[in-house]
Number of protein chains: 2
Amino acid sequence: MNYGMIRFLLFRVVQITGLLMLLPLVTALIYHETLCIIVFMAISVSCLVAGAIGVSFKPANVALYAREGFVVTALTWIIISMIGALPFTLTGVTKSYVDALFETISGLTTTGSTILSNVEMYMSVQFWRCFTHWIGGMGVLVFILAIMPMSGGYSMHLMRAESPGPSVGKFVPKVRETAKILYLIYFGITLTQVILLLFTGLNLYEALVTTFATVGTGGFGITNAGIGAFNTPSQIVITVFMILCGINFSVYYYLITMRPKEALKNDEVKLYLALMFGSATIIAILIYRANITATPFESFHHSLFSVVSVMTTTGFATLDFNTWPQFARTLLALLMLFGACAGSTGGGFKLSRVLILLKAIKNELIYIVHPKSVKRVYMDGQPVETTVVKSVSAYLSMYVIIFIVSTLIVSADGFDYETNFTSVAATLNNIGPGLGMVGPTGNFAHFSVLSKFVLMFDMLAGRLELLPMLILFSPDTWSKR
Amino acid sequence: MNYGMIRFLLFRVVQITGLLMLLPLVTALIYHETLCIIVFMAISVSCLVAGAIGVSFKPANVALYAREGFVVTALTWIIISMIGALPFTLTGVTKSYVDALFETISGLTTTGSTILSNVEMYMSVQFWRCFTHWIGGMGVLVFILAIMPMSGGYSMHLMRAESPGPSVGKFVPKVRETAKILYLIYFGITLTQVILLLFTGLNLYEALVTTFATVGTGGFGITNAGIGAFNTPSQIVITVFMILCGINFSVYYYLITMRPKEALKNDEVKLYLALMFGSATIIAILIYRANITATPFESFHHSLFSVVSVMTTTGFATLDFNTWPQFARTLLALLMLFGACAGSTGGGFKLSRVLILLKAIKNELIYIVHPKSVKRVYMDGQPVETTVVKSVSAYLSMYVIIFIVSTLIVSADGFDYETNFTSVAATLNNIGPGLGMVGPTGNFAHFSVLSKFVLMFDMLAGRLELLPMLILFSPDTWSKR
């Protein structure tokens, strides 16, 4: 294990965190929030100084292999969460540091689960809360890779550990260029949404924080009333940008570089859009027939908003879909688990994994009937490597086991099945609200400290796609060989 | 596809069904149940005649490959269920043929879910109901293999398609001998339990039907009060025999043939017993501390009974564990999903699959950290073939997908999440009762016909370990190539 390089990178993370804190500091200055000015200033300066000292000692060896890549990624997210939680405790928004940590991890992992019963707070802390969605959406290390030169060419291991999906595509040979392109697209989408939201009547502050929560597919709201209180044009803009951010960003890269053919070849995006519009149509018919919505347009608007919100695991709501027909509710719950596309800011299991598993099952059935025929799994017209199929299968097993163990530990708090089961589902899939006590009108405050730590682990494991967190806690990782 | 051979085997199944119906006929004669005498006599004679005619036309080609093996297995279970349902409708015990079919499939697959609110009925129909557990426990085709000579040596494909577990061990080179040994052990266990139950004070009828439900790990009860009304010695005997029937029968073969070393090498059985006694101890402490049971002995007795009942997916209950502490309830629910050992009469996902997946995850984590080290999965000190690991992974995917699709269809009936989710879990794992409307005090009568067919499919898929049912409905199976 290259401890020197790990230390070096983690101090870079501290430095970046200090930089990111400048934005809420500016917000605090604008709104004259004295306590917040002091808090953000103190954290920012401490981070910048500590970071600068830490990175001034260059590591002797810059080699970084898969193992270090996963460990650095896990530790990066833990450190930025620990620092990011400080504003919540120091300003008294949360009752304890554990609650602050929960809220920050929920923000960074774009989960959107909250321990707060009242989300109306200091403007600058609110800004920071929603800004964590934006940071976490594309990833902290991808950001560092984009803005800082990395010598040695080992940065691929960092990229791979932080990016969602069964396999990471580099658009261009250089990892740094890929990271830059990703952030440029992300920035472009963010800016466009802010401008459009301003046109629909939101003020700059509202437009900014809502955009952070949308493009990060996080789902933190800034008012207790939520998105339901926004006007229809705003809701339509939010719908469109949730859809866009649930798509694999490689599609945008191909579109920008004038390769529409390659963009259209993506099987996962086709499944994503088909599932989305298919489900939205079915649910629209159901809620229209159940007289929940008055006009066909309204039915489709609210249905699509809900479907998009759950598929991208954002967690916004215009209507409380818990009152909808059971088939609609179940369909929404299942779409949550599947999640969005790999390489997007959305969470969940990822549709490409679902596709690979479905194709692997089909091949297995054919293999049993015709043992001599050995077939490969194809995606986007290309054969998928058998190691990827194996990894995806192992991913499902890990996912199920983490789910089971978490549910068992959380159950010790004595709440009902629905609350326990959906609190784990909502955090592990980075969805946000669950059902029962953790439903859209409830929150996660009632859990014990142990359960909160389990759910925080689940949020991080879900965002980082299990491996970094599991490798961090695997004894084999730390063995000397 | 060798249709001649399929036809021949299915008529054999009809013949055997006619033979099996003679036992409830005798019961009807003993208890002077006139209607039942006519019904069982009519079915039995029709089956014997039709079967005899059908098998008199020998197939030209006796070759039977994997594909035919799975198809015959699936069709065998469907046919015996369709005939086995007749006594329930013809005697008026169930309201419709669909309900009768549900009850029969539940019996044969050793699920134990019921559509009846009152299980006290004609003695002979009750006998047949519990006897289906005994038939299904070890398998219909294994029975045919045991009693009838099969020319051609292709019988392995039948054995493999019907036996539970990721890989089938033949004790002896000849499949017929293996099937015979399995049924001899099964018969020995059955006889021993009947004698022991007679000693604890049950009459012969009670002892017989209770034993059928125990050794098949089915769980149908003969009184509305259930096993809770039995005395403690009877409950202890039932506990012991549930434990015995959840163990891989190869262990008994090794013990009988004086190879205790081989019997002790079984990793799955070790995990089974460790999980069982570990969980029972934890739950005993919890319910003792919650003052649910008066003495430490009682606590352990009821705790062990419940743990054994859910792990073997029998579904018997001495106490209603829905009133126990949530941690105990969750632990029991999870143990249900894992199920018992491969090669036993128990259901569920099977512990050997859990073990293989856990070991595959461990190897995957090691592989990511040390990409040059390629490790194999070991079970019982032997390396597991990579195709088996692949099949087990595919099994998990298929299991999850069948679960999801079934839950979605069942949700159209409009019941709550808990009812829908646990009705699928209870049938797919061959457990019996679920929670909510299908809890131990409820039943499955309220579902629509469509949902009932989905749950019947799930019960058959669960008992036959998914593949035969999926292959039966896969278009590729029926393609000419």
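In what follows, the accompanying structure is described. (Residues numbered from 1 in each chain as written. Chains lettered and ligands numbered in written order. Predicted model: local features only at pLDDT ≥ 70, side-chain atom pairs only at ≥ 80, totals over all residues. Heavy atoms only, no water.)

The subject of this paragraph is the overall build of chain A. Assigned secondary structure in chain A consists of 22 helices and two strands. Relative to the 2.2 N^0.38 estimate, which gives 23 Å for 481 residues, the radius of gyration of chain A is 22 Å and therefore close to what a compact globule would have. By principal-axis analysis of the C-alpha atoms, chain A measures approximately 60 × 55 × 55 Å. Buried positions account for 61% of the 481 residues belonging to chain A. For chain A, the proportion of contacts with a sequence separation of at least 24, taken over those separated by at least 6, is 70%. For chain A, the exposed surface amounts to about 18,200 Å²; the carbon and sulfur share of it is 69%. (Helix = DSSP H or I, 4+ residues; strand = E, 2+ residues; numbered from the N terminus. Rg over C-alpha atoms; globule rule 2.2 N^0.38 Å. Buried < 20%, exposed > 50% of the residue type's maximum accessible area, 1.4 Å probe, protein only. Contact = heavy atoms within 4.5 Å. Areas by Shrake-Rupley, 256 points an atom, 1.4 Å probe, with all protein chains shown as cover.)

Many authors give the size of an interface as the accessible area that is lost as the parts come together. Each partner contributes residues to the interface: chain A has 50 residues there, and chain B has 49 residues. At the surface where chain A touches chain B, the tally comes to zero salt bridges. Along the contact surface separating chain A from chain B lie six residue pairs in polar contact (both at pLDDT 80 or more). Secondary structure elements with two or more residues in the side of chain A that touches chain B: α4 (66-84), α17 (326-338), α18 (351-369), α19 (386-411), α20 (417-428) and α22 (467-472) of chain A. Counting residues per element, the side of chain A that touches chain B draws most heavily on α19 of chain A, at 14 residues. Here the side of chain A that touches chain B is composed, by residue class, of 30 nonpolar, 12 polar and eight charged. (Salt bridge = Lys/Arg side-chain N within 4 Å of Asp/Glu carboxyl O. Polar contact = N/O pair within 3.5 Å; in protein donor to acceptor, adjacent residues only side chain to side chain. Nonpolar A, V, L, I, M, F, W, Y, C, P; charged D, E, K, R; others polar.)

A few words now on the nonpolar core. Within the largest apolar cluster, 325 residues are counted, with the highest numbers of intra-cluster contacts made by Tyr272 and Leu466 of chain A together with Tyr272 and Leu466 of chain B. Filtering out sequence-adjacent residues up to four positions away, Leu466 of chain B remains in contact with Tyr395, Met398, Tyr399, Ile402, Leu428 and Ala461 of chain B. (Core = buried A, V, L, I, M, F, W, Y, C linked by side-chain atoms within 4.5 Å.)

One pass over the full model with this rule turns up zero disulfides over all chains. A disulfide-free cysteine, Cys245 of chain A has its sulfur positioned 11 Å from the sulfur of Cys341 of chain A, the nearest such atom. (Disulfide = S-S within 2.5 Å.)

What follows covers the relation of the copies chain A and chain B. At an RMSD of 0.0 Å, chain A and chain B line up after a rotation of 180° and a shift of 0.0 Å along the axis. Interpreted geometrically, this transformation is the action of a two-fold axis. Closest to the rotation axis within chain A is the C-alpha of Ser393 of chain A, separated from it by 2.8 Å. Mapped onto chain B, 98% of the interface residues of chain A again fall at the interface, so both copies present the same surface. (Least-squares fit on C-alpha atoms with pLDDT ≥ 70 in both.)

All names here are of chain B. Where helix α20 (residues 417-428) meets helix α21 (residues 449-463), the axes come as close as 7 Å, and the angle between the chain directions of the two elements is 35°. Contacts between α20 and α21 pair Ser423, Val424, Thr427 and Leu428 from the former with Leu455, Asp458, Met459, Ala461 and Gly462 from the latter. Residues belonging to the contact of α20 with α21 are distributed by class as follows: five nonpolar, three polar and one charged. (Axes fitted to C-alpha atoms, helices over the stretch in contact; angles between N-to-C directions.)

Residue and element names in this part refer to chain B. Among the structural elements, Gly51 can be located in helix α3 (residues 34-56). Taking the C-alpha atoms as reference, Gly51 lies 7.6 Å from Val13; in sequence the two are 38 residues apart. When sequence neighbours within four positions are dropped, the list of residues in contact with Gly51 reads Phe11, Val14 and Gln15.

All names here are of chain B. Close contact between helix α6 (residues 97-108) and helix α7 (residues 123-138) brings their axes to 6 Å; oriented N to C, the two are set at 45°. Here α6 is positioned oblique relative to α7, judged by the angle of their axes. Here α6 contributes Glu103, Ser106, Gly107 and Leu108 to the contact with α7, which in turn contributes Arg129, Thr132, His133, Ile135, Gly136 and Gly137. (Parallel < 35°, antiparallel > 145°, perpendicular 65-115°, else oblique.)

Close approach of charged atoms lets side chains of opposite charge pair. In total, this model carries 14 salt bridges over all chains according to the counting rule given. In this structure, Lys270 of chain A engages Asp267 of chain A in a salt bridge whose closest nitrogen and oxygen atoms are separated by 3.8 Å. Note that Lys270 of chain A and Asp267 of chain A are positioned in helix α15 (residues 267-289) at a spacing of three residues, about one turn of the helix. The salt bridge partner of Asp267 of chain B is Lys359 of chain B, with a shortest N-O separation of 3.6 Å.

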